[in-house]
Amino acid sequence: MKNLLKNFAVLFVVLFVLLGVFGYWQSTQQTDNTIAINELVTFINNEDVERIEVDGSKILVFLKSGDEKEAQKELGESFSELMNNYGVAGEQLATIPVEVKADSSNSLFFTTILPIALPLLLFIGIIWFMTRQVQGANSKAMTFGQSQVRDSSKLGNKKVTFKDVAGMHEAKEEVMEIVEFLKTPKKFLSLGAKIPKGVLMIGPPGTGKTLLARAIAGEAQVPFFLISGSEFVEMFVGVGASRVRDLFRKAKKSAPCIIFIDEIDAVGRQRGAGLGGSHDEREQTLNQILVEMDGFESDTNVIVIAATNRPDVLDPALLRPGRFDRRVTLDNPDIAERSEILKIHAANKPLAKDVDLKRVAERTPGFSGADLANLLNEAAIWAARKNRKEILQQDILDSIEKVLLGPERKSRIFSEKERNITAYHEAAHALVAFHTPSSDPVQKISIISRGRAGGYTLRMPENDRYYRSRTEFLSDMAVALAGHAVEKDVFGEVSTGPSSDLQQVSKLAKAFVTQFGMSERLAPRAFGQREEMVFLGKEIHERRDYSEKTAQLIDEEVSRIVGEAYDTARELLHEHRTQLDAVVKVLLEKETIERDEFDAIMNGKQQQADAPKSEDAQSE
Ligand code: ADP
Ligand code: MG
Ligand code: ZN
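The rules behind these values
- Residues numbered from 1 in each chain as written.
- Chains lettered and ligands numbered in written order.
- Predicted model: local features only at pLDDT ≥ 70, side-chain atom pairs only at ≥ 80, totals over all residues.
- Heavy atoms only, no water.
- Donors = N, O, S within 2.8 Å, 3.2 Å for Na, K, Ca; no water.
- Helix = DSSP H or I, 4+ residues; strand = E, 2+ residues; numbered from the N terminus.
- Buried < 20%, exposed > 50% of the residue type's maximum accessible area, 1.4 Å probe, protein only.
- Near = heavy atom within 4 Å.
- Polar contact = N/O pair within 3.5 Å; in protein donor to acceptor, adjacent residues only side chain to side chain.
- Areas by Shrake-Rupley, 256 points an atom, 1.4 Å probe, with all protein chains shown as cover.
- Nonpolar A, V, L, I, M, F, W, Y, C, P; charged D, E, K, R; others polar.
- Domains from an automatic or database assignment.
- Pairing = 2+ DSSP bridges.
- Axes fitted to C-alpha atoms, helices over the stretch in contact; angles between N-to-C directions.
- Contact = heavy atoms within 4.5 Å.
- Salt bridge = Lys/Arg side-chain N within 4 Å of Asp/Glu carboxyl O.
- Expected span 1.5 Å × (residues − 1).
- Patch = residues over 30% accessible without salt bridge, like charges linked within 9 Å, V, L, I, M, F, W, Y side chains within 5 Å.
- Parallel < 35°, antiparallel > 145°, perpendicular 65-115°, else oblique.
- Left-handed = near helix turned anticlockwise from the far one by under 90°.
- Phe/Tyr/Trp six-rings, centres within 6.5 Å; stacked < 30°, edge-to-face > 60°.
- Lys NZ or Arg CZ within 6 Å of the ring centre and 35° of its normal.

(A) Structural view of the coordination of the zinc ion (ligand 3). Within the protein, the atoms that donate to the zinc ion (ligand 3) are H425 (NE2), H429 (NE2) and D501 (OD), at distances of 2.1 Å. Read in sequence order, the donor residues for the zinc ion (ligand 3) give the motif H-x3-H-x71-D. Taken together, the residues H425 in helix α19 (residues 416-435) and D501 in helix α21 (residues 499-514) connect sequence positions 76 residues apart. According to the relative accessible area criterion, H425 is buried, its value standing at 6%.

(B) Region of interest: the site of ligand 1. Near ligand 1 lie 16 residues; those nearest to it are A166, G206, K209, T210 and L211. Contact distances for ligand 1 include 2.9 Å between an oxygen atom and a backbone N or O atom of L211. Take A370: an N or O atom from its main chain is 3.3 Å from an oxygen atom of ligand 1. The fraction of the free accessible surface of ligand 1 (560 Å²) that becomes covered by protein chains is 81%. Within the residue set of the shell around ligand 1, elements represented by two or more residues are α9 (209-220), α15 (335-346) and α17 (369-385). Across the shell around ligand 1, the residue classes break down as eight nonpolar, six polar and two charged. Taken domain by domain, the makeup of the shell around ligand 1 includes at least three residues from each of domain 2 (150-329) and domain 3 (335-405).

(C) The arrangement of the sheet that holds strand β14 (residues 456-459) in detail. Overall, antiparallel pairing links the three strands, which are arranged β14-β13-β17 in an open sheet. At either end of the open sheet lies a strand with only one pairing partner, and these are β14 and β17 (592-594). Averaged over neighbouring strand pairs, the angle between their axes works out to 10° when direction is ignored. Along the sheet, helix α23 (residues 577-590) contacts β13 (442-446) and β17; its crossing angle with β17, the most-contacted strand, is approximately 115°.

(D) Region of the structure containing the sheet that holds strand β3 (residues 68-72). Overall, mixed pairing links the four strands, which are arranged β3-β2-β1-β4 in an open sheet. Either end of the sheet is taken by a strand with one partner, and the two such strands are β3 and β4 (98-101). Strand-to-strand, the axes of this sheet are offset by a mean angle of 20°, without reference to chain direction. By the bridge criterion, five bridges tie strand β2 (residues 58-63) to β3 in an arrangement that is antiparallel. Bridge pairing links F62 to E68 in β3.

(E) Expanded view of the pattern of salt bridges. Applying the stated criterion to the full structure yields 23 salt bridges. One salt bridge in this structure joins R595 and D599, with 3.8 Å as the shortest N-O distance. Taken together, the residues span about one helical turn, with R595 and D599 both in helix α24 (residues 595-602) at a distance of four residues. D599 gets classed as partly exposed once you look at its relative accessible area, which sits at 23%. Among the ionic contacts, a cluster of salt bridges with common partners joins R521, E556, E557, R560 and E564.

(F) Broad picture of unusual backbone geometry. Phi angles above zero are rare outside glycine, and Q221 is one such case at about 55°. By the element assignment, Q221 lies in the loop between α9 and β9 (224-228). For Q221, a relative accessible area of 63% corresponds to the exposed category. Backbone geometry at E591 places phi at a positive 70°, although glycine is not the residue there. What makes E591 partly exposed here is its relative accessible area of 27%.

(G) Representation of helix α11 (residues 239-253) in the model. The end-to-end C-alpha distance of α11 is 21 Å, a good match for the 21 Å that 15 residues give at a rise of 1.5 Å each. Looking at α11, one finds that the buried residues are V239, G240, A241, S242, R243, V244, D246, L247, F248 and A251.

(H) Main features of a nonpolar patch on the surface. Judged by side-chain polarity, L122, I126 and M130 come together as a nonpolar surface patch covering roughly 250 Å² of accessible area. Tracing the chain through its elements places M130 in helix α5 (residues 105-137).

(I) Here's a closer look at the pairing of strand β10 (residues 257-262). Summarising burial for β10: six of the six residues are buried, a large majority. In the sheet, β9 pairs with β10 via five bridges, with the strands oriented parallel. Within the sheet, the bridge partner assigned to F225 lies in β10 and is I259. Here five bridges tie β10 to strand β11 (residues 302-308), and the two strands are oriented parallel to one another.

(J) Summary view of the environment of V175. Counting through the fold element by element, V175 comes out in helix α7 (residues 169-183). Between the C-alpha atoms of V175 and V328, which are 153 residues apart in sequence, the distance is 7.9 Å. For V175, the contacting residues outside a window of four places in its chain are F162, M201, L212, I216 and V328.

(K) A look at the side chain of E378. Within the element layout of this structure, E378 appears in helix α17. Apart from residues lying up to four places away in sequence, E378 is in contact with S399, K402 and V403.

(L) Broad picture of the packing of α21 against helix α22 (residues 548-575). As a packed pair, α21 and α22 sit with axes 9 Å apart at the nearest point and diverge in direction by 125°. By the angle between their directions, the pair α21 and α22 is classed as oblique. For the pair α21 and α22, the crossing hand works out as right-handed. In contact with V505, A509, K510, F512, V513 and T514 of α21, α22 contributes I554, E557, V558, I561 and V562. For the contact of α21 with α22, a count of residues per class yields eight nonpolar, one polar and two charged.

(M) Highlighting the packing of aromatic side chains. Within the structure shown, the criterion is met by seven aromatic pairs. Their ring planes at 50° and their centres at 4.2 Å tell us that F181 and F188 sit as a pair that is tilted. The residues F181 and F188 share a single accessibility class, namely buried. Ring geometry for F473 versus F512: centroids 5.9 Å apart, planes at 75°, classification edge-to-face. Of this pair, F473 sits in helix α20 (residues 470-491) while F512 sits in helix α21, and the two are 39 residues apart along the sequence. Of the two residues examined, F473 and F512, each falls in the buried class. Through pairs of rings, three or more aromatic residues link up here, namely F473, F512 and F516. Note that R51 overlies the ring of F62, its terminal NZ or CZ placed 3.9 Å from the centroid. Sitting over the ring of F473, R468 keeps its end group 5.9 Å from the ring centre.

Have a look at this one:
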């Protein structure tokens, strides 16, 4: 592509130079002593002319007075004919020596060929450039069956090893075996063991699937071929399968090695599902992968690692023994792992002495490895923008919210009334959260707009949680509805503010009834089968597998549960109205309340309004 651009640039320069020369040449033609034909005729008739030179379209007239004049005639028109046409008598002309210069090809080129050729060339050039560019965008399509395989065992220019992968001890344990297969295959083969062909890495986005696969290659010191599932199906139908063939051919040449197929769900979806033309393509690609994997000799030391976050949509054929029969499950890191991940990503960043990564880990439940890496990066950017030489703990803590909710939008000006509503709304969330025992504790309340939220109440579990109980569900719904309830009670009407709260509540209530069997009135079973359809973008469809009557019952149950949660919220708000007003007062003053201060207000130790702020960075 770069080459192309260069070629084109050269072509352009040449064209411009030619144009310039031509223009210059033309401009030199228009000299002061240019005369019109009829003037020349006058000269001839007056017998002022000594001799004439004809050079292409140029007529050079040498006068007896010693002057030189120049006239233009049409190219290809003979001079004598021209004179004839102007009525100059033959005898008169015969007295003047006329010298016709034979070599006028040069000017012929400039005057006739160039004006035609130049735009033509330009035109061809542009067309050529455009077609090349189109090809550039999918040069893979032009190199048809070629897969864009790259040996990408290095990240930057550093080989990734297990040291760069924090946590996931079980997963590392699992893949250690694969490293050994790659390093010393003989040890296993001599015992008649078959080398595993495929490893499927399952885990939500950002949990380090790609990283771990890279680390395996790094540890075993083998090439690492990375291709993304979506690359197989990129441009033209029919390319996928041949790309697979090409990829495996290349890999076999450089065995032992690892083929990493990222996002395999893009090709490995259940065959025969869904609509649309691209599905044939996917099926062929998938088939080809299976064929290639089956075709491995028992001693082919190529291990295929595939990653997905949607194991549920994979074709069962992929998962049978001899294919991706080994599975490594990665999960979002727990608190200890988060600490480790933070440590790894903090290694190259200057941290202030007050930074306590353990506390950061405590405040980031649910963050993936990628989120944590991003968090430290945001903190570093923030510190740099504040012209600090070190990253402070507060920089990191502030970045948590940024990663969670988007950047602060201090420029958004709220009217006094809107501020009031937001303060009551957020205080209500916090208050209800405080008074429902199984709700996550409130970490921070803020009426500073962030991302799309007008304000926010940050609740975080104390410990990592893997299961959620029925009571937690119910209190989460009450907390979410508190915003709506308070707006109605305090202001008499509801703003558009709680709309996302309501959406969340509906989702929770529906899941409560249809997915988790938590409603007593309905049988403990799952209602509706969720399936993903890929047709003009992704869509989750729910197939109804229950009767109209049950549907009605589900609706009733959802409404009842939401209604009860709403009542709970309202009662709590009534009961603790003084606390609510106290929180609102502080919120309106300081805009943000941290956990300690909130707890203090709740426990009746109302702080002075001018108490020192605990979070300067936040309210600067
Ligand atoms: P996935 O492929 O699962 O979506 P990646 O492997 O691309 O996730 O991870 C994205 C980034 O997150 C990595 O480049 C790395 O910086 C960071 N990361 C994720 N998990 C870990 C971990 N366990 N240790 C260190 N860094 C991690
Ligand atoms: Mg990845
Ligand atoms: Zn809300």
